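What the coordinates show
The residues making up each chain are set out below.
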Amino acid sequence: MRNSMASKMVKRKNSAKRSSKTGFESFLELDTKKDVSAQEDLELERKLAKKLRVKGGKLGGEDDEFNLLFEDIPSVIDSLREEGITEADEFPVKTSAKSSKKRKKRRPSEEQGLEEAYGEGLALEEAPAKVRSRKKHKKKKELLEQDHETGVEESEPVETAGTEIVSEEVPAKATALEGSVKYVAPHLRSRAGNELAEHHQIRRQVRGLLNRLSESNVESIAGEMSTIFHSVGRSVGSQIISEEVLASCSGGPRGNEQYAAVFAAFVAGMACLVGIDFSAKLLASLAKSFEDEYTKEDNLSLRNLTLLLAYLYIFDVFASDLIFDFLIMLSKQLLEIDVSTILTILQCCGMKLRRDDPVAMKDFIQSVQNRVNELRATSGDGKSNINNKRMEFMLETICDIKNNKKRTKEETIQHTRINKWLQKLRVEDILIRGLKWSKLLDPNKKGQWWLSGNMTSTADNIEEVAAKIDREVLEVQKMLQLAAAQRMNTDARRAIFCIIMSGEDYLDAFEKLLRLSLPGKQDREVMRVLLECCLQEKAFNKYYTVLASKLCDNDRNQKFTLQYCLWDHFKELDSINLQRSMQLAKFIAEMLTSFTLSLSVLKTIDLSDSLQLTPKRIMHFRMLFEAIFDKPDNLVWNVFTRIAVAPELETLRNGIQFFVGEYVIGTNRAAAKKFRVAKKALNNLEGVLM
């Protein structure tokens, strides 16, 4: 009984709480009412349109053709039109320009009458929607008037107030944005300070990466920076990165060589990754920044920029001619700021400058001495203008470098990790030659000005440049005639021949051959042409062996190509003359003693087979071993030890012992001592070198 009584009490409380009616119950009550006013029916229709998201008089989704049933039934809106109710207050529509003019003539009294007819409750509920719709109608009227002026009229179906507000916001914002944005020409953007937002964001990224730059992460940061560089234009990327690098260096810690070295390594790495034009443009910006700071006499910024320039030279971004031109320019005045700058450069890279170009170092020292003598002559007591501790220290430093006594900082501080990274990137390929300080400051430089070198022509030296070009043309013509005489029958062979024969030294020829960039397998022609040039000489020239060793060290494929060339010549030993055979023997001996090749190159020849050893073959290999035995004992030991360990070369070792004992020792008793050393080396199974 108690449980039943408790359940009845709970039901009564729940029924008391549900005093309010649900929406469905209220809808049923409205449906059962017979006398429904037009205003209530209109309000209900608007609420349903909002909830069902009616747009253009149609529901969203697929068309089920259900509206065909109601085609002939008039709507409430049509009945309201007949009664004179204005549609603009409750159903805003996109009308033509004529209807918009009629709407302007509507009096406030009409709006007040409509509010009274609709009732206070409805007016209060729809007040916020009316305010928003009126603001949108005002903007809409302005747009329609503009369209009417251009002869454009629009008419669209009836839309609800909610959907109209959403659809009208986008064009209003777009027109406001179009009116506020103005186009600025690219060459005026920097003056007006209107940097693009994208470029500003990139500048912030670059600055953040440079702030984290150190010797341990310079490789990774250079990789990220190259990605940023490729994401924008080359000119924009070079400008932004150069400006940030120079700003960081000029305002960096005072006299920090490590700081400057890391930034210089970063610039060298970027030049390897993105191109030589990056380092050239940065050098031009550095020269301009130096001149600006020089006029301000800012010693801190000048020292930092000078350190950056010196370490760029140390990391082979540019050649020594730019540094010497800069030093000679400073030595013409020898003010206190000039002395400080010269001393900074000499302390960083003085000995490297002396090694790279001794003649230019001599000219610089002569220029400094002449300027010091002028200062002594102009001073009264002969010492007032040069009685400066910094000047004396500079002169002592120059004297020590001249006598090869000064140990500069680039020799004491070893950047091993940076040097390995730059060597892996082949920094020697981005070396800029022939630059002058005046060329960096020239505002009229055009094109690839960093590749012009010393061939810049002005009104003063135009005749000298023309004469130099004529001489070079004659030399090229003679070289091409000589190449034709040597049966260089392809363009690649002729180009290689001209480079090898016209090189100033082996380094000059090596760099030119690398820049030749032969396509496909044509790089194999380099060793073939080089060996042919060597065999054509009347007297043996070690220039070819040094160049061949340099090429083999740079590219392992060149070493394999050289081996195949030698094997081809071994097959022709019976048909070549004695002069070519002797040149070939000396060439192979030099390549063996320089450890570019090993004695395994002879494995295609059976030196113990008397049937293969014809008189010309015996003469060739006897000259080869005699040339090896002319070297010191340690070289002989190391040459023969290189084939002592490999078991697959047992036949070659036995053949060498047979041939030397049978054909070399019998005719050359002086080689007997070296042969004993060679036999011990061939039995050196541990592979110990001397």
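All values reported here derive from a predicted model rather than from experimental measurement. All chains use their own residue numbering, which begins from 1 and follows the written sequence. Under the rules for a predicted model, residues below a pLDDT of 70 receive no local features and side-chain atom pairs below 80 are neither given nor counted, while totals for whole chains, interfaces and linings still include all residues. Water and hydrogen atoms play no part in the side-chain values, which are based on all heavy atoms of the structure.

**With respect to the overall build of the protein**
- Strands are runs of DSSP state E lasting at least 2 residues, helices are runs of H or I lasting at least 4, and numbering of each runs from the N terminus. Tallying secondary structure elements over the protein gives 34 helices and 0 strands in all.
- Type-normalised accessible area, obtained with a 1.4 Å probe on protein chains alone, sets the label of each residue: buried when under 20%, exposed when over 50%, and partly exposed for intermediate values. Relative to its 690 residues, the protein shows a buried fraction of 39%.
- We call two residues in contact when some of their heavy atoms are within 4.5 Å. A sequence separation of at least 24 residues applies to 74% of the contacts in the protein between residues at least 6 apart.
- Accessible area for the protein stands at about 41000 Å²; split by element, carbon and sulfur atoms hold 51% of it. Only the protein chains shown count as cover for residues, with accessible areas throughout obtained via the Shrake-Rupley method and a probe of 1.4 Å.

**Here we look at a nonpolar patch on the surface**
- Residues Y506, L507 and V546 make up a contiguous nonpolar surface patch of roughly 220 Å² in combined accessible area.
- Within the secondary structure, L507 is located in helix α26 (residues 506-516). Only residues whose relative accessible area exceeds 30% and that form no salt bridge are eligible for patches; like-charged ones are grouped when within 9 Å, while nonpolar side chains (Val, Leu, Ile, Met, Phe, Trp, Tyr) are grouped when within 5 Å. Salt bridges, as used here, are contacts in which a Lys or Arg side-chain nitrogen is within 4 Å of a carboxyl oxygen on Asp or Glu.

**A few points about the packing of helix α30 (residues 578-593) against helix α31 (residues 615-629)**
- Axis angles are defined between N-to-C directions and span 0 to 180 degrees, where every axis is a line fitted to C-alpha atoms and, for a helix, only to the segment in contact. Their axes nearest at 8 Å, the elements α30 and α31 cross at an angle of 35 degrees. By crossing handedness, the relation of α30 to α31 is classed as right-handed. Only M619, H620, M623, L624, A627 and I628 of α31 make contact with α30, whose side of the interface consists of L578, S581, M582, L584, A585, I588, A589 and L592. Here a crossing is taken to be left-handed if its near helix is turned anticlockwise relative to the far helix by less than a right angle, and right-handed if that turn runs clockwise.

**Quick notes on the state of the cysteines**
- Disulfides are defined in this document as cysteine sulfur pairs within 2.5 Å. In total, this model carries 0 disulfides according to the counting rule given.
- Between C348, a free cysteine, and C349, which holds the nearest cysteine sulfur, the sulfur-to-sulfur gap is 6.2 Å.

**Looking at the packing of helix α27 (residues 525-536) against helix α28 (residues 543-554)**
- At their nearest, the axes of α27 and α28 sit 10 Å apart, and the two run at 165 degrees to each other. One way to sum up the angle between α27 and α28 is to call them roughly antiparallel. For the pair α27 and α28, the sense of crossing is left-handed. Of the residues in α28, those touching α27 at V526, M527, L530, C533 and C534 are Y544, L547, A548, L551 and C552.
- Looking at side-chain class alone, the contact of α27 with α28 contains 10 nonpolar, no polar and no charged residues. In this scheme, roughly parallel covers angles under 35 degrees and roughly antiparallel covers those over 145, while 65 to 115 is roughly perpendicular and the rest are oblique. Polar here means any residue other than Ala, Val, Leu, Ile, Met, Phe, Trp, Tyr, Cys and Pro, which are nonpolar, and Asp, Glu, Lys and Arg, which are charged; Gly is therefore polar.

**Notes on helix α34 (residues 672-682)**
- Buried residues of α34: K674, F675, V677, A678, A681 and L682, and no others. Along α34, the residues classed as buried sweep out an arc of 160 degrees about the axis, all on the same side. Of the residues in α34, the exposed ones pointing more than 90 degrees away from the buried face are K673, R676 and K680.
- Where α34 is buried, its residues touch α31, α32 (633-641) and α33 (650-664). Here the arc refers to the directions that run from the helix axis out to each C-beta atom.

**Side note on the environment of E198**
- Assignment of secondary structure puts E198 in helix α11 (residues 197-211).
- In this structure, the C-alpha to C-alpha distance between E198 and V232, residues 34 residues apart in sequence, is 9.5 Å.

**Here we look at helix α12 (residues 218-231)**
- The first and last C-alpha atoms of α12 sit 20 Å apart over 14 residues, in line with the 20 Å expected at 1.5 Å per residue.
- Within α12, burial applies to V218, I221, A222, M225, S226, I228 and F229. The arc that holds the buried residues of α12, viewed along the axis, is 160 degrees, so those residues lie on one side. Along α12, the residues that are exposed and aim more than 90 degrees away from the buried face are T227, H230 and S231.
- Those residues of α12 that are buried lie in contact with α11, α13 (234-250), α14 (257-274), α15 (276-296) and α22 (416-424). Take the residue count of a helix, subtract one, and multiply by 1.5 Å to get its expected span.

**Quick look at unusual backbone geometry**
- For R426, which is not a glycine, the phi torsion comes out positive at approximately 60 degrees.
- Although it is not a glycine, F595 sits at a positive phi angle of roughly 65 degrees.
- Mapped onto the secondary structure, F595 falls in the loop between α30 and α31.

**A word on the side chain of S581**
- Along the polypeptide, S581 turns up in helix α30.
- Here a polar contact is recorded for every N or O atom pair within 3.5 Å, except that within protein the pair must consist of a potential hydrogen donor and a potential acceptor, and residues adjacent in sequence are included only if both atoms are side-chain atoms. Side-chain polar atoms of S581 contact the side chain of H620, separated by 3.1 Å.
- Excluding anything up to four places from it in sequence, S581 contacts I576, H620 and M623.

**As for the packing of aromatic side chains**
- Only Phe, Tyr and Trp rings take part, Trp by its six-membered ring, and two of them pair if their centres are within 6.5 Å. Stacked means planes under 30 degrees apart, edge-to-face means over 60, and tilted covers everything else. Going through the model one piece at a time under the given rule, you end up with 16 aromatic pairs.
- With a centroid separation of 6.1 Å and 35 degrees between ring planes, the pair formed by Y313 and F318 is classed as tilted. Considered together, Y313 and F318 belong to a single accessibility category, that of buried residues.
- Geometrically, a charge over a ring is one whose NZ (Lys) or CZ (Arg) sits within 6 Å of the ring centre while staying within 35 degrees of the ring normal. Lying across the ring of Y313, K352 places its NZ or CZ 5.2 Å from the centre.
- Over the face of the ring belonging to W449 we find K445, whose NZ or CZ atom lies 5.4 Å from the ring centre.

**Re the pattern of salt bridges**
- Tallied over the full model, the rule gives 23 salt bridges.
- Across the pair R203 and E243 runs a salt bridge whose closest N-O atoms are separated by 3.0 Å. Here E243 lies in helix α13 and R203 lies in helix α11, a separation of 40 residues in the sequence.
- You can call R203 buried: its relative accessible area is 14%.
- Note that R493 and E525 form a salt bridge whose closest N and O atoms lie 2.7 Å from each other. With R493 in helix α25 (residues 491-502) and E525 in helix α27, the pair connects residues that are 32 residues apart, well separated along the chain.
- Look at R493 and you get partly exposed, because its relative accessible area is 25%.
- Connected through shared salt-bridge partners, R203, R207, E243 and E244 make up one network.

**Side note on the nonpolar core**
- Working definition of a nonpolar core: buried Ala, Val, Leu, Ile, Met, Phe, Trp, Tyr and Cys residues. They are joined through side-chain atoms within 4.5 Å. F266, L312, F318 and F364 are the most contacted members of the largest nonpolar core, which totals 89 residues.
- At 12 residues, α14 tops the list of elements feeding residues into this core.
- Ignoring any residue separated from it by four or fewer positions in sequence, one finds F266 in contact with L210, L213, V218, I221, A222, M225, I241 and V245.
- Core analysis: the next-biggest nonpolar cluster, separate from the first, contains 73 residues, L530, W567, L607 and A678 among them.

**Brief notes about the side chain of K631**
- Among the structural elements, K631 can be located in the loop between α31 and α32.
- Among the polar contacts listed, one links the side chain of K631 to the side chain of E590, at a separation of 3.1 Å.
- Excluding residues within four positions of it along the chain, K631 makes contact with K542, E590, T593, V636 and K674.

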